[in-house]
Amino acid sequence: MARRTFLAASLSGIAGVVLASCTGPQPTPTPEPTGTATTTPTPTPTPPVDGVPQPTAMSRSRWGADPFARGSFTFDAAGAAPELREVLAQPVGDRIFFAGEACDPDAPGTLQGARNSGLRAAASVAGVAEPGERVAVIGAGLAGLTAARELVGHGLEVVVLEARDRIGGRIDTVEAAGFDRPIELGGMFVRGGTLTAQLAQASVELHPVAPPTEARTPDGLTVAIPSTGSDAIAAAQAWAAAQPAARTRDLSLATAIVESGTAASMSTTHDAAGVSPADWLAHSIASGVATVTGATANRVSALVALPGTRSDVDLIEVGAAPGGDLATGIAAALEPYADELDIAVMSVVTRIVYDERRVSLRLDSGESLNVDRVVVTVPLGVLKTDTLRFSPSLPLLHQRAITRLGVGIVDTVWLRFDSAFWRTDNSGPGASVDVLTVVGETPTVAAWVDVGRPDDEPVLVGLIAATQAERLEALDDEQFEAAVLADLAPFAPAATAGG
């Protein structure tokens, strides 16, 4: 690396510290500073779940419980006007500037949005700062690294304060025991956008992921996915868009589905495969809406952008999405951003005190750092807690934006098996389906992605969204494994043979 330095425990005597608990001002003694909960091979095998073999390795994320994230990404919540993202991005007294995917109105919830916001924040700072001013950037995710690099180019003195012991934020590439290559516990799907070429230049592997065309019933029967569910959601959204503007803003997708009459029009009568139109609507919500937003349909806006309407690099976007690329080794793409930067890892800011002349940052080590301006890129989920406080308080419009914008949760679980039992017998590495879903019951895992198929490896990654993610984050590894393996029962050899 060039001049980049990691200043853990060396910035003005700052000791390595941890983020304070969201329930009070006391530091958490043993945080989980990444999304990782298990990165070791599964211990002594337990009896198989419904014919599903035991995995040889498992790794999982817990983004909702992660004290440095408090969620996976933001979504368009019911009652939250789109302009709230622009409000959040507005400078406060030309001293505090915000960046992060939550601040981008064009590509929220995406890596592209994070980068865009970093560029805008840096331009805003450069427009008011004098040469040689000292600027602190809080957070070494993509938004923070982008802003810091731009500010250095403008001749400003920049220091990046990162709470974790690594850079990347919600990009989390890890070397997990039991897996042959690095795995992604955060963002991993690419759908076009300006970052795609940069990922390729950084030797990030990209594998195409085909949209799902078939699903399994609980009994293991393979059925083609019709447009029933997506058409119903589109009809409800069209109805919502036709309502008065104030009414549309406050409508949730669930409310639109009910009040438009869409729900009542969905028959519950099962066909020969045992699947009804109502089942397909539930399937689209679980595998599409939940994985894109990380939230339930009663929380998201009726006009939330769903698969097929979004672009660029998404933190998580698969399920019912119309294809894209699976990226592995994304952290390598951050190296160019981090070059020429001074990055103080394990440095947790708990209070920002500002006036018309300067900004003082208080760290939970008890140390303070005075700067001319600050760019805050911590995730919105953290801003919603009291772990980072502002004095004086932020303007009411900023507070409103922080309160009303939504934060969703999509966790991932990586499983490696002795063999790829879910693939069809007559298929090779280039055949079978990329995305596995179940219709006819409420899934724990919204969608499974056959991430090992391009290299003929028996590896699956499951996407666990919204309330299911919250529920499973509270389970220990043994309970968690049993819960997710049960969702693979329709793909087990016995179920397939029976279907």
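Being a predicted model, the structure only gives us computed values, none of them experimental.

Here the focus is the overall build of the protein. Secondary structure assignment for the protein yields 15 helices and 26 strands. In the protein, the proportion of contacts linking residues at least 24 apart, taken out of those at least 6 apart, comes to 73%.

What follows is about the sheet that holds strand β17 (residues 349-354). An order of β19-β18-β17-β21 is seen for the four strands of this open sheet, with the pairing classed as mixed. Looking at the sheet topology across the chains shown, the edges are occupied by β19 (368-371) and β21 (389-391). Across the sheet, the axes of successive neighbouring strands diverge by a mean angle of 20 degrees, strand direction being ignored. Where β17 meets β21, three bridges bridge the pair, whose relative direction is parallel. Counted as the bridge partner of R351 is R389 from β21.

All right, on to the confidence of the model for the protein then. Per-residue pLDDT for the protein averages 84, and the proportion of residues at 70 or more is 83%. Between residues 308-322, whose pLDDT stays under 50, and residues either more than four places distant or in other chains, the model counts 71 contacts.

Our next topic: the nonpolar core. Ranked by size, the top nonpolar core spans 51 residues in total, and within it I352, L361 and V376 carry the most contacts. Per element, the largest residue contribution to this core is four residues, and it comes from helix α5 (residues 228-241). Excluding its chain neighbours within four sequence positions, the residues that come into contact with L361 are A136, I138, L161, V349, R351, I352, E367, S368, L369 and V374. With 36 residues, the next largest nonpolar core counts A122, A148, L151 and A333 among its residues.

The subject of this paragraph is unusual backbone geometry. Cis peptide bonds are those with omega within 30 degrees of zero, and the linkage from S391 to P392 qualifies with 0 degrees. Structurally, P392 is set in the loop between β21 and α12 (396-404). The phi dihedral of D456 is positive, around 55 degrees, even though this residue is not glycine. Relative to the elements of secondary structure, D456 occurs in the loop between β25 (447-449) and β26 (459-465). The class of D456 is partly exposed, set by a relative accessible area of 48%.

Glancing now at the pattern of salt bridges. According to the stated counting rule, one finds 20 salt bridges in the structure shown. With a shortest N-O distance of 3.2 Å, E101 and R170 are connected by a salt bridge. Within this pair, whereas E101 is found in the loop between β5 (96-98) and α2 (111-128), its partner R170 is found in the loop between β7 (157-161) and β8 (173-174), the two being separated by 69 residues in sequence. Linking D450 and R423 is a salt bridge whose minimum nitrogen-to-oxygen distance equals 2.8 Å. You can see D450 sitting in the loop between β25 and β26 and its partner R423 sitting in the loop between β23 (410-416) and β24 (435-436), a full 27 residues away along the chain. Residue D450 is classed as buried on the basis of its relative accessible area, which comes to 3%. Here R423 falls in the buried class, since its relative accessible area comes to 11%.

This part is about the packing of aromatic side chains. Taken as a whole and assessed by the stated rule, the structure comprises five aromatic pairs. Both rings, one in F98 and one in F390, keep their centres 6.0 Å apart while their planes meet at 50 degrees; by these two values the pair is tilted. Here F390 lies in strand β21 and F98 lies in strand β5, a separation of 292 residues in the sequence. Taken together, F417, F421 and W422 form an aromatic cluster joined through their ring pairs. One cation-aromatic arrangement involves R60 over F480; the distance from NZ or CZ to the ring centre is 3.9 Å.

Quick look at helix α3 (residues 142-153) now. Compared with the 16 Å implied by 1.5 Å per residue over 12 residues, the 17 Å span of α3 between its first and last C-alpha is a close match. Every buried residue belonging to α3 is among L142, A143, G144, L145, T146, A147, A148 and L151, and all of these are buried. G155 sits one or two residues past α3 and shows a positive phi near 85 degrees.

Both faces of strand β20 (residues 373-376) are covered, namely the face carrying R373 and V375 and the face carrying V374 and V376. Two strands pair when backbone bridges link them, and β5 and β20 are joined in this way by three bridges, in the parallel orientation. Across the sheet, I96 pairs through a bridge with V374, a residue of β20. As judged from the four bridges shared by strand β6 (residues 134-138) and β20, these two strands associate in the parallel manner. Across the sheet, the residue bridging to I138 is V376, located in β20.

One way to put it is that α5 packs onto helix α9 (residues 277-293) with a least axis distance of 7 Å and a crossing angle of 80 degrees. With respect to α9, the axis of α5 lies roughly perpendicular. Contact with α5, carried on its side by T228, G229, S230, A232 and I233, involves P277, W280, L281, S284, I285 and V289 of α9 and no other residues of that element. For the contact of α5 with α9, the class distribution of residues is seven nonpolar, four polar and no charged.

Let's shift gears to the packing of α2 against α3. At a minimum axis separation of 7 Å, α2 and α3 run at an interaxial angle of 35 degrees. As for how α2 packs across α3, the hand of that crossing is right-handed. Of the residues in α3, those touching α2 at L111, A114, R115, S117, G118, L119, A122, V125 and A126 are L142, A143, T146, A147, E150 and L151. Here the contact of α2 with α3 is composed, by residue class, of 10 nonpolar, three polar and two charged.

The next thing to look at is the environment of G118. On the secondary structure map, G118 appears in helix α2. As for G118 and D104, which are separated by 14 residues in sequence, their C-alpha atoms are 9.4 Å apart. In this structure, G118 is in contact with A99, A143, T146 and A147, ignoring residues within four places of it in sequence.

Moving on: the pairing of β26. Of all seven residues in β26, seven are buried, a share of seventy percent or more. On β26, burial covers both faces: V459, V461, L463 and A465 on one face and L460, G462 and I464 on the other are all buried. Pairing between β23 and β26: seven bridges, direction antiparallel. Among the inter-strand pairings, W414 is bridged to a residue of β26, identified as V461. Both β25 and β26 contribute to a ladder of three bridges, which runs antiparallel.

Cut-offs used in this document
- Residues numbered from 1 in each chain as written.
- Predicted model: local features only at pLDDT ≥ 70, side-chain atom pairs only at ≥ 80, totals over all residues.
- Heavy atoms only, no water.
- Helix = DSSP H or I, 4+ residues; strand = E, 2+ residues; numbered from the N terminus.
- Contact = heavy atoms within 4.5 Å.
- Pairing = 2+ DSSP bridges.
- Axes fitted to C-alpha atoms, helices over the stretch in contact; angles between N-to-C directions.
- pLDDT = per-residue confidence, 0-100.
- Core = buried A, V, L, I, M, F, W, Y, C linked by side-chain atoms within 4.5 Å.
- Buried < 20%, exposed > 50% of the residue type's maximum accessible area, 1.4 Å probe, protein only.
- Salt bridge = Lys/Arg side-chain N within 4 Å of Asp/Glu carboxyl O.
- Phe/Tyr/Trp six-rings, centres within 6.5 Å; stacked < 30°, edge-to-face > 60°.
- Lys NZ or Arg CZ within 6 Å of the ring centre and 35° of its normal.
- Expected span 1.5 Å × (residues − 1).
- Parallel < 35°, antiparallel > 145°, perpendicular 65-115°, else oblique.
- Nonpolar A, V, L, I, M, F, W, Y, C, P; charged D, E, K, R; others polar.
- Left-handed = near helix turned anticlockwise from the far one by under 90°.

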